[in-house]
Amino acid sequence: DVKVTQSSRYLVKRTGEKVFLECVQDMDHENMFWYRQDPGLGLRLIYFSYDVKMKEKGDIPEGYSVSREKKERFSLILESASTNQTSMYLCASSPRGGRASYEQYFGPGTRLTVT
Amino acid sequence: DQQVKQNSPSLSVQEGRISILNCDYTNSMFDYFLWYKKYPAEGPTFLISISSIKDKNEDGRFTVFLNKSAKHLSLHIVPSQPGDSAVYFCAANEYDKIIFGKGTRLHILP
């Protein structure tokens, strides 16, 4: 079974803090993704990566950065957390290419609250 | 502008009846569509998919129908069970990314 794990289930941070959200997958997938989920807005793509050291902006990258130093690990960084970044953050992975790449495997999510 | 639209934020269905969740899309280049299911405090899980060359795909109680001319797909759940209460996301592929709709919350009533 594919397993995608996220470092924290719940996180509370203060405005202005630097926040790291970690994601690890164990299926040797090339593709990794970060989403945020907000009520009424669905899942919105923040950043994704097709390979180590590669990153692409998604639909809402502002205020975020990412790091992919190893294939299995994809980190989301909030450089200076703000209250409008309070959200559920979801990491996902998928293999590269073909139909299999469309079926993403998600982690359990991190509920981040910025006060 | 939204390329994948789920216009019903919520839906309530009696246990044992059919649940029909609808989804519309705007990009005729999409060639693969998926449905994901999400329980609270969990990540979404893949449920069922359909290629654009088909008009129906069935997996147990779940059937997805695709009407390309109308750019519309629907997920049918028969019979609906209490464990089906969840948020359902419709999605479509764009290269290696998928684009999600906003979701429909399904309540199965006893």
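Residues numbered from 1 in each chain as written. Chains lettered and ligands numbered in written order. Predicted model: local features only at pLDDT ≥ 70, side-chain atom pairs only at ≥ 80, totals over all residues. Heavy atoms only, no water.

Draft legend 1. Local environment of the interface of chain B and chain A. At the junction of the two partners, chain B supplies 21 residues and chain A supplies 24 residues. At the boundary of chain B with chain A, total buried surface from both sides reaches about 1900 Å², with 56% on carbon and sulfur atoms. Per-residue buried area on chain B facing chain A is highest for Tyr 32, Asp 96 and Lys 97 of chain B; these three make up 32% of the total on that side. Summed over the shared surface of chain B and chain A, the result is 0 salt bridges. When contributions to the side of chain B that touches chain A are tallied by element, the ones reaching two or more residues are strand E4 (32-38), strand E5 (45-51), strand E9 (86-94) and strand E10 (97-100) of chain B. (Contact = heavy atoms within 4.5 Å. Buried area = accessible area lost by both parts, 1.4 Å probe. Salt bridge = Lys/Arg side-chain N within 4 Å of Asp/Glu carboxyl O. Helix = DSSP H or I, 4+ residues; strand = E, 2+ residues; numbered from the N terminus.)

Draft legend 2. Structural detail: the sheet that holds strand E7 (residues 64-70) of chain A. All names here are of chain A. An order of E1-E3-E8-E7 is seen for the 4 strands of this open sheet, with the pairing classed as antiparallel. Strands at the two margins of the open sheet, each flanked by one partner only, are strand E1 (4-6) and E7. Averaged over all neighbouring strand pairs, the angle between strand axes comes to 20°, with direction disregarded. Pairing geometry for E1 and strand E3 (residues 19-25), over 3 bridges, is antiparallel. Opposite Gln 6, over in E3, you have Cys 23 as the bridge partner. (Pairing = 2+ DSSP bridges. Axes fitted to C-alpha atoms, helices over the stretch in contact; angles between N-to-C directions.)

Draft legend 3. How the structure looks around the packing of aromatic side chains. Evaluation of the coordinates by the stated rule reveals 15 aromatic pairs over all chains. Their ring planes at 25° and their centres at 6.3 Å tell us that Phe 33 of chain A and Tyr 35 of chain A sit as a pair that is stacked. Centroid distance Phe 33 of chain A to Phe 48 of chain A: 6.1 Å. Interplanar angle 20°. Geometry classified as stacked. You can see Phe 33 of chain A sitting in strand E4 (residues 31-38) and its partner Phe 48 of chain A sitting in strand E5 (residues 42-49), a full 15 residues away along the chain. According to the relative accessible area criterion, Phe 33 of chain A is buried, its value standing at 0%. For Phe 48 of chain A, a relative accessible area of 4% corresponds to the buried category. Three or more aromatic residues joined by ring pairs form one cluster here, namely Phe 33, Tyr 35, Phe 48, Tyr 50 and Phe 106 of chain A together with Tyr 36, Phe 46, Phe 89 and Phe 100 of chain B. (Phe/Tyr/Trp six-rings, centres within 6.5 Å; stacked < 30°, edge-to-face > 60°. Buried < 20%, exposed > 50% of the residue type's maximum accessible area, 1.4 Å probe, protein only.)

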